[in-house]
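What follows is the residue order along each chain.
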Amino acid sequence: MITEQYVTFKTARLLKEVGFNAQCSFIIDEDGNKLYRPTQSLAARWIREEYHIFITTLPILNGWIFDLFDLKKLQYILCGKDSGAKSHESALEAGLQEALRLIIKNKENE
């Protein structure tokens, strides 16, 4: 069965730090608590629309890599980053975190 992939808690914390406020689905944790977390696709879309960073993943011989592309400058920020991911979802998660760290760093330098 195919289901939506939710971001990790680490990514959710980074999203919150940069101002993510889109409506999310909720999940129930092992203790029965209701937690709101976005899907990877919603997070990637929000980053693209708010910060103009496009995240792509590509399969390679032994796994997956990701790229970050600046849609305003029309240039790569990071190309072919090998995070050791074994799936598209793992590579996308790594790309989300890398983009969010970059956004945080840019905000600190403003």
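On a predicted model such as this, the values are computed, not experimentally measured, just so you know.

Criteria and cut-off values
- Residues numbered from 1 in each chain as written.
- Predicted model: local features only at pLDDT ≥ 70, side-chain atom pairs only at ≥ 80, totals over all residues.
- Heavy atoms only, no water.
- Helix = DSSP H or I, 4+ residues; strand = E, 2+ residues; numbered from the N terminus.
- Rg over C-alpha atoms; globule rule 2.2 N^0.38 Å.
- Contact = heavy atoms within 4.5 Å.
- Areas by Shrake-Rupley, 256 points an atom, 1.4 Å probe, with all protein chains shown as cover.
- Lys, Arg positive; Asp, Glu negative; His and termini not counted.
- Charge placed at Lys NZ, Arg CZ, Asp CG, Glu CD.
- Buried < 20%, exposed > 50% of the residue type's maximum accessible area, 1.4 Å probe, protein only.
- Polar contact = N/O pair within 3.5 Å; in protein donor to acceptor, adjacent residues only side chain to side chain.
- Expected span 1.5 Å × (residues − 1).
- Arc of directions from axis to C-beta.

Undergrad: Report on the overall build of the protein chain, specifying residues and quantitative values.
TA: Looking only at helices and strands, one finds 3 helices and 5 strands in the protein chain. Secondary structure elements of the protein chain, listed N to C terminal, follow the sequence α-β-β-α-β-β-β-α. Taking 13 Å as the expected radius of gyration for a compact globule of 110 residues, we find that the protein chain reaches 14 Å, a close match to that expectation. Seen through its C-alpha atoms, the protein chain measures out along the principal axes to roughly 45 × 40 × 20 Å. Partitioning the contacts of the protein chain with sequence separation of at least 6, the portion at a separation of at least 24 is 51%. Looking at the protein chain as shown, the accessible area adds up to about 7,300 Å², and 50% of this sits on carbon and sulfur atoms. Where the 14 positive side-chain charges of the protein chain centre and where its 15 negative ones centre are 3 Å apart.

Undergrad: Outline the side chain of T11, listing residues and values.
TA: Relative to the helices and strands, T11 is located in helix α1 (residues 9–17). T11 gets classed as buried once you look at its relative accessible area, which sits at 0%. At a separation of 3.1 Å, a polar atom in the side chain of T11 contacts the side chain of T8. Among residues more than four places away in sequence, those in contact with T11 are E93, L96, Q97 and L100.

Undergrad: Got a sec to walk through helix α2 (residues 40–51)? Specific residues and values, please.
TA: With 12 residues, α2 extends 16 Å between its outermost C-alpha atoms, agreeing within 8% with the 16 Å of an ideal straight helix rising 1.5 Å per residue. Three or more residues of α2 are buried, namely Q40, A43, A44, W46 and I47. Projected onto a plane normal to the axis of α2, the buried residues spread over an arc of 160° and lie on a single side. Close packing links the buried residues of α2 with α1, β3 (53–60) and α3 (88–108). Positive backbone phi, at 60°, marks H52, one or two positions downstream of α2.

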